[in-house]
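# An overview of the molecular structure
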Amino acid sequence: LVVALSIMSAAALGWEVKSLGIILVTILMNVSYFEPETTRIMILRHAVERRLKTGHEIGQLRPSDPTKANDPELKALSKKFGMLHGVSTTLNMVALGFGCYWLNFIASLVGDK
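Residues numbered from 1 in each chain as written. Predicted model: local features only at pLDDT ≥ 70, side-chain atom pairs only at ≥ 80, totals over all residues. Heavy atoms only, no water.

Further remarks concern the pattern of salt bridges. The tally for this structure, following the rule as stated, stands at four salt bridges. For E37, the salt bridge goes to R40, with nearest N and O atoms at 2.7 Å. In this pair, E37 and R40 both sit in helix α2 (residues 18–51), three residues apart, roughly one turn of the helix. The class of E37 is buried, set by a relative accessible area of 14%. With a shortest N-O distance of 3.9 Å, D71 and R51 are connected by a salt bridge. Placement of the pair is D71 in the loop between α3 (66–69) and α4 (72–112) and R51 in helix α2, with a sequence separation of 20 residues. For R51, a relative accessible area of 48% translates into the label partly exposed. Ionic contacts of the salt-bridge type, sharing partners, join the residues R51, D71 and E73 into one network. (Salt bridge = Lys/Arg side-chain N within 4 Å of Asp/Glu carboxyl O. Helix = DSSP H or I, 4+ residues; strand = E, 2+ residues; numbered from the N terminus. Buried < 20%, exposed > 50% of the residue type's maximum accessible area, 1.4 Å probe, protein only.)

Here it is as structure tokens:
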């Protein structure tokens with residue numbers, strides 16, 4: 001909502017709004033698809049880990065037991081979770097980067113006055 005209001009205000013003032021639009025799109029993509037899907041896959045992965053009696057090892061990404069580590073369902077869920085989590089994080093970083101660009105743009109306008 002804040003980003004949408006900022007876009008309308010900036011457009012009314014004749015400012016560049018592309019960066020705000022990119023922020024809005026990346027946040028909406030993340031909130032509407034990537035975060036819920038990542039959470040869903042994480043919950044499924046935790047259920048498989050409980051079934052295999054693993055996942056409680058601190059500091060390990062994979063179980064120590066090779067039979068548990070090579071479980072096809074756990075491997076598939078871990079791969080999908082890693083991909084979704086990576087995309088979600090990348091979208092957050094893109095929004096942060098364009099937010100920094102926008103703040104720099106606003107600071108330069110304020111500094112000129």
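Next comes the rest of the account.
In this section: the packing of α2 against α4. Each pair of packed helices can be described by the angle between their axes along with the distance between the axes. At a minimum axis separation of 8 Å, α2 and α4 run at an interaxial angle of 155 degrees. Judged by the angle between their axes, α2 and α4 are roughly antiparallel. Helix-helix and strand crossings are classified by hand; for α2 and α4 the assignment is left-handed. Of the residues contributing to the contact of α2 with α4, the split by class is 22 nonpolar, nine polar and seven charged. (Axes fitted to C-alpha atoms, helices over the stretch in contact; angles between N-to-C directions. Parallel < 35°, antiparallel > 145°, perpendicular 65-115°, else oblique. Left-handed = near helix turned anticlockwise from the far one by under 90°. Nonpolar A, V, L, I, M, F, W, Y, C, P; charged D, E, K, R; others polar.)

What follows covers α4. Over its 41 residues, α4 extends 60 Å from the first C-alpha to the last, a length consistent with the 60 Å expected when each residue adds 1.5 Å. When we look at burial in α4, the residues that qualify are L74, L77, F81, L84, S88, L91, A95, G99, W102 and F105. (Expected span 1.5 Å × (residues − 1).)

Let's shift gears to the nonpolar core. Formed by F34, I41, V48, L52, L74, L77, F81, L84 and L91, the largest nonpolar core amounts to nine residues. Every element with two or more residues in this core is listed here: α2 and α4. No other element matches the five residues that α4 contributes to this core. Discounting residues that sit within four places of it in the chain, I41 has contacts with L77, K80, F81 and L84. (Core = buried A, V, L, I, M, F, W, Y, C linked by side-chain atoms within 4.5 Å. Contact = heavy atoms within 4.5 Å.)

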